[in-house]
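Here is what each chain is made of, one letter per residue.
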Amino acid sequence: KNKSKKLKIINNGIETEKFLFNMNKRKEIRKKLNLAENDIVVGHVGRFVLQKNHIFLVDIFKEFLKMVSKLVLIGNGETKDNIMKKIVELKIEKNTILLENIKNVNEYMQAFDLFLFPSLYEGLGIVLIEAQAAGLKCFASDTIPRNAKISDNLIFVNLSSSSKQWANIMKDNIDYKRLNMLNIVKSNNFD
């Protein structure tokens, strides 16, 4: 406490302008991914590792799939083969798009409608800041640090809730308007 006047905390910022919602970029990426206009796209960006809880993420999507929807998973990692097997087991491969690591995640976020992040644990989850900057409605496990919530677009869901409960929460929050989040990101010192 005595030294606190000498300390300054600097958040791990993002290039906010790159993530701001852009309807033209949304249409371009959705066309590139062969997504229909009425597809509800659930996105996730993260390494395929146990921590990111992809197995549960895929279970949630299976419950959510009762609507016209697609799942886009972006990333690489040691559990990717297991996740691909799970996708085949659940017979949702026609509704799932797997992408390698890409440099323009910000552009792909424009094509998403919802962002799903059921991690077992995170230090912060900077991708949640990026998803909120893109104006996405986000659903994250309650294990995520609370300072990742910079807007009302982030909904924490108890990690012990069932995949069906997660899917229902997503369905209940599907109607929202994508807003310009520049000021919100800046006011939370993540710009």
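In what follows, the structure referred to is the one given above.
Residues numbered from 1 in each chain as written. Predicted model: local features only at pLDDT ≥ 70, side-chain atom pairs only at ≥ 80, totals over all residues. Heavy atoms only, no water.

A. Region of the structure containing the packing of helix α3 (residues 54–64) against helix α4 (residues 80–89). At a closest axis distance of 10 Å, the pairing of α3 and α4 adopts a crossing angle of 20°. The pairing of α3 with α4 is recorded here as roughly parallel in orientation. The handedness of the crossing between α3 and α4 comes out as right-handed. Together, His54, Ile55, Val58 and Asp59 of α3 and Ile83, Lys86 and Ile87 of α4 make up the contact between the two elements. Residue classes in the contact of α3 with α4 are distributed as four nonpolar, one polar and two charged. (Axes fitted to C-alpha atoms, helices over the stretch in contact; angles between N-to-C directions. Helix = DSSP H or I, 4+ residues; strand = E, 2+ residues; numbered from the N terminus. Parallel < 35°, antiparallel > 145°, perpendicular 65-115°, else oblique. Left-handed = near helix turned anticlockwise from the far one by under 90°. Contact = heavy atoms within 4.5 Å. Nonpolar A, V, L, I, M, F, W, Y, C, P; charged D, E, K, R; others polar.)

B. Here's a closer look at the nonpolar core. Ranked by internal contacts, the top residues of the largest apolar core, which has 35 residues, are Met109, Phe112, Phe115 and Leu128. Elements with a minimum of two residues in this core: β1 (40–45), β2 (69–74), β3 (96–99), α5 (105–111), β4 (114–117), α6 (126–133) and β5 (137–141). In this view, Phe112 contacts Arg26, Val41, Gly43, His44, Val45, Val72, Ile74, Leu136 and Arg178; residues no more than four positions away in its chain are not counted. Counting residues in each nonpolar core, the second largest holds 25 residues, with Val58, Leu65, Trp166 and Ala167 among its members. (Core = buried A, V, L, I, M, F, W, Y, C linked by side-chain atoms within 4.5 Å. Buried < 20%, exposed > 50% of the residue type's maximum accessible area, 1.4 Å probe, protein only.)

C. Highlighting the sheet that holds β5. Ordered in space as β3-β2-β1-β4-β5-β6, the six strands form an open sheet in which the pairing is parallel. Each of the sheet's edge strands pairs with one partner strand only, and the pair in question is β3 and β6 (154–157). When the angles between neighbouring strand axes are averaged without regard to direction, this sheet yields 20°. Note: β5 against β6, four bridges, orientation parallel. Along β6, the bridge assignment pairs Ala140 with Phe156. Against the sheet, helix α7 (residues 163–172) touches β1, β4, β5 and β6, its axis set at about 160° to β5. (Pairing = 2+ DSSP bridges.)

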